[in-house]
Amino acid sequence: MSQQEPPKIEFPCENYPIKVLGDATPELHTYVVEIMERHAPGFDQTRITVKESSKGSFRSLTVWITATGVEQLTAIHEDLRVNRMIKMVM
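Not measured: the values here are computed from a predicted model.

**Student:** Break down the overall build of the chain for me, with residues and values.
**Tutor:** Counting secondary structure elements, the chain contains 2 helices and 4 strands. The order of α-helices and β-strands along the chain, N terminus first, is β-α-β-β-α-β. Expressed along its principal axes, the backbone C-alpha trace of the chain runs to roughly 40 × 40 × 20 Å. Sorting the 90 residues of the chain into buried and exposed places 31% on the buried side.

This is how it looks when you write it as structure tokens:
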């Protein structure tokens, strides 16, 4: 079985989606916006999509940013993952 390399991303990359899955609390949205503003200032908050799980326990937020590089994406991922209410970042 051959190892496939992930697709190369050319930076800056507009409309780069970051999906965050976490507990269904109002704090989740606030925290995600705070982290995105720190790493992708001026991103369009009106494009955030929110979906609830079928039982209402979890919520996913998809945020669209202009990704400027691997360092930025790594920093966003690390800052999001330190919060216990966040279960997964994609």
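**Student:** Would you mind going over the nonpolar core in detail, with residue names and values included?
**Tutor:** Ile 18, Val 32, Met 36, Ile 65, Leu 80 and Ile 86 are the most contacted members of the largest nonpolar core, which totals 21 residues. Among the secondary structure elements, those contributing two or more residues to this core are β1 (13-23), α1 (26-39), β3 (58-67), α2 (70-81) and β4 (86-89). A per-element tally of this core places α1 first, with 6 residues. Ignoring anything within four residues of it in the chain, the contact list for Ile 86 reads Val 20, Leu 21, Gly 22, Leu 28, Tyr 31, Leu 80 and Arg 81.

**Student:** Break down the side chain of Ser 60 for me, with residues and values.
**Tutor:** Mapped onto the elements, Ser 60 comes out in strand β3. Not counting the four nearest positions on each side in its chain, Ser 60 is found in contact with Lys 19, Val 20, Leu 21, Thr 49, Val 50 and Lys 51.

**Student:** Any details on the sheet that holds β1? Residues and values, ideally.
**Tutor:** Sheet strands associate in pairs through backbone hydrogen bonding, adopting either a parallel or an antiparallel arrangement. Strand order in the open sheet formed by 4 strands is β2-β3-β1-β4, with antiparallel pairing between adjacent strands. The strands lining the two open edges of the sheet, one partner per strand, are β2 (49-52) and β4. For this sheet, the mean angle separating the axes of adjacent strands, direction not counted, is 25 degrees. When β1 meets β4, the two strands line up antiparallel, connected through 3 bridges. From the neighbouring strand, Val 20 faces β4, where its bridge partner is Val 89. Its contacts with the sheet put α1 on β1, β2, β3 and β4, and the angle it makes with β3 is roughly 15 degrees. Here α2 sits on the sheet and contacts β1, β3 and β4; the angle it forms with β4, its principal contact strand, is near 160 degrees.

Rules behind the numbers
Residues numbered from 1 in each chain as written. Predicted model: local features only at pLDDT ≥ 70, side-chain atom pairs only at ≥ 80, totals over all residues. Heavy atoms only, no water. Helix = DSSP H or I, 4+ residues; strand = E, 2+ residues; numbered from the N terminus. Buried < 20%, exposed > 50% of the residue type's maximum accessible area, 1.4 Å probe, protein only. Core = buried A, V, L, I, M, F, W, Y, C linked by side-chain atoms within 4.5 Å. Contact = heavy atoms within 4.5 Å. Pairing = 2+ DSSP bridges. Axes fitted to C-alpha atoms, helices over the stretch in contact; angles between N-to-C directions.

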